[in-house]
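Chain residues, written in single-letter form:
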Amino acid sequence: MASLIRKFYTLTLIRSGNKVLLGFKKRGFGQGKWNAFGGKVEKGESLEEAAIREVHEESGIEIVGGVEKVGELEFTFEGESNLMDVHVFAAKSFKGEPVETEEMRPQWFPIEDLPYSQMWPDDYLWYPIILKGGKFRGAFHFQGHDIILSQKLEEVNEF
Ligand SMILES: Nc1nc(SCCc2ccccc2)c2[nH]cnc2n1
């Protein structure tokens, strides 16, 4: 099996009471889908620093109380050599109002009414784990961006 190139990304969930802040991706990878805020980890920054940076860049929200690691996901795509190693965080506390950026149009959604049909097809499987305070590890192999060919998902007690 040809070797894959592992690249690191973050995703950060911002929750306030019964609402979750998502962004509609206006361009680039994942364009047209609602997603949490995230992106590539740059050289020289920690996963947590990358998570906090991406949230601020994409939504204007300032994370003040740090982030908590809640999940690890690996995404591979049929016929492509990249493996996306995505570290999922939840913001402990934050300040500021979300603003629309070139990348993302932010919107608060009630937890009971997340737009899963307009999100990545794996998300409905692991968002509930985060929302009940759990942690998870998963791997999803895609055909394109909308079909999952194979998957693994398990809840874990700690990272
Ligand atoms: N929720 C979710 N997110 C991603 S990519 C997240 C990481 C990323 C990468 C590049 C730009 C911004 C954000 C997914 N891929 C496959 N399923 C998926 N689910």
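**Considering the overall build of the protein chain**
Phase 1: The number of helices and strands found in the protein chain is 2 helices and 11 strands.
Phase 2: Listing each helix as α and each strand as β along the protein chain from the N terminus yields β-β-β-β-α-β-β-β-β-β-α-β-β.
Phase 3: Relative to the globule expectation of 15 Å for 159 residues, the C-alpha radius of gyration of the protein chain, 15 Å, shows essentially globular dimensions.
Phase 4: On the principal axes, the C-alpha backbone points of the protein chain span a range of 45 × 35 × 30 Å.
Phase 5: Counting every position in the protein chain, which comprises 159 residues, the buried fraction comes to 45%.
Phase 6: Taking as baseline every contact in the protein chain between residues at least 6 positions apart, the subset at least 24 positions apart corresponds to 65%.
Phase 7: Roughly 8500 Å² of accessible area belongs to the protein chain as shown, and the carbon and sulfur atoms make up 48% of that amount.
Phase 8: Here the protein chain contributes 19 positive and 26 negative side-chain charges, whose respective centroids are spaced 1 Å apart.

**Observations concerning the environment of E80**
Phase 1: Structurally, the position occupied by E80 is in the loop between β6 (67-77) and β7 (82-91).
Phase 2: Once the C-alpha coordinates of E80 and I5 are considered, the two residues, 75 residues apart in sequence, prove to be 9.5 Å apart.

**Considerations on the pattern of salt bridges**
Phase 1: In this structure the tally under the stated criterion is 15 salt bridges.
Phase 2: Here E74 makes a salt bridge to R6, at a shortest N to O gap of 2.9 Å. Linking E74 in strand β6 with R6 in strand β1 (residues 5-16), this pair joins segments that are 68 residues apart in sequence.
Phase 3: Put simply, E68 and K135 hold a salt bridge, and the shortest N to O gap is 3.2 Å. With E68 in strand β6 and K135 in strand β10 (residues 135-143), this residue pair connects regions lying 67 residues apart in the sequence.
Phase 4: Residue E68 is classed as partly exposed on the basis of its relative accessible area of 36%.
Phase 5: Classification of K135 as buried rests on a relative accessible area of 18%.
Phase 6: Linked by salt bridges that have partners in common, E42, E45, R53, E54 and E57 make up one network.

**Description of the side chain of D85**
Phase 1: Its location among the elements puts D85 in strand β7.
Phase 2: Overall, the relative accessible area of 7% leaves D85 in the buried class.

**Considerations on the packing of aromatic side chains**
Phase 1: What the rule picks out here adds up to 14 aromatic pairs.
Phase 2: Taking 5.3 Å as the distance between ring centres and 25° as the angle between the ring planes, the aromatic pair formed by F77 and F142 counts as stacked. Residue F77 is found in strand β6, and its partner F142 is found in strand β10; the two are separated by 65 residues along the sequence.
Phase 3: The class of F77 is buried, set by a relative accessible area of 4%.
Phase 4: Taking the centre distance of 4.9 Å and the plane angle of 25° together, the rings of W126 and Y127 count as stacked.
Phase 5: Assessed through its relative accessible area of 1%, W126 is described here as buried.
Phase 6: By way of ring pairs, the aromatic residues F29, F75, F77, W120, F140 and F142 are connected into one cluster.
Phase 7: One Lys or Arg, K33, reaches over the ring of W120 and ends 4.8 Å from the middle of that ring.
Phase 8: A cation over a ring is seen here: K69 above F159, with NZ or CZ 4.7 Å from the ring centre.

The rules behind each value
Residues numbered from 1 in each chain as written. Predicted model: local features only at pLDDT ≥ 70, side-chain atom pairs only at ≥ 80, totals over all residues. Heavy atoms only, no water. Helix = DSSP H or I, 4+ residues; strand = E, 2+ residues; numbered from the N terminus. Rg over C-alpha atoms; globule rule 2.2 N^0.38 Å. Buried < 20%, exposed > 50% of the residue type's maximum accessible area, 1.4 Å probe, protein only. Contact = heavy atoms within 4.5 Å. Areas by Shrake-Rupley, 256 points an atom, 1.4 Å probe, with all protein chains shown as cover. Lys, Arg positive; Asp, Glu negative; His and termini not counted. Charge placed at Lys NZ, Arg CZ, Asp CG, Glu CD. Salt bridge = Lys/Arg side-chain N within 4 Å of Asp/Glu carboxyl O. Phe/Tyr/Trp six-rings, centres within 6.5 Å; stacked < 30°, edge-to-face > 60°. Lys NZ or Arg CZ within 6 Å of the ring centre and 35° of its normal.

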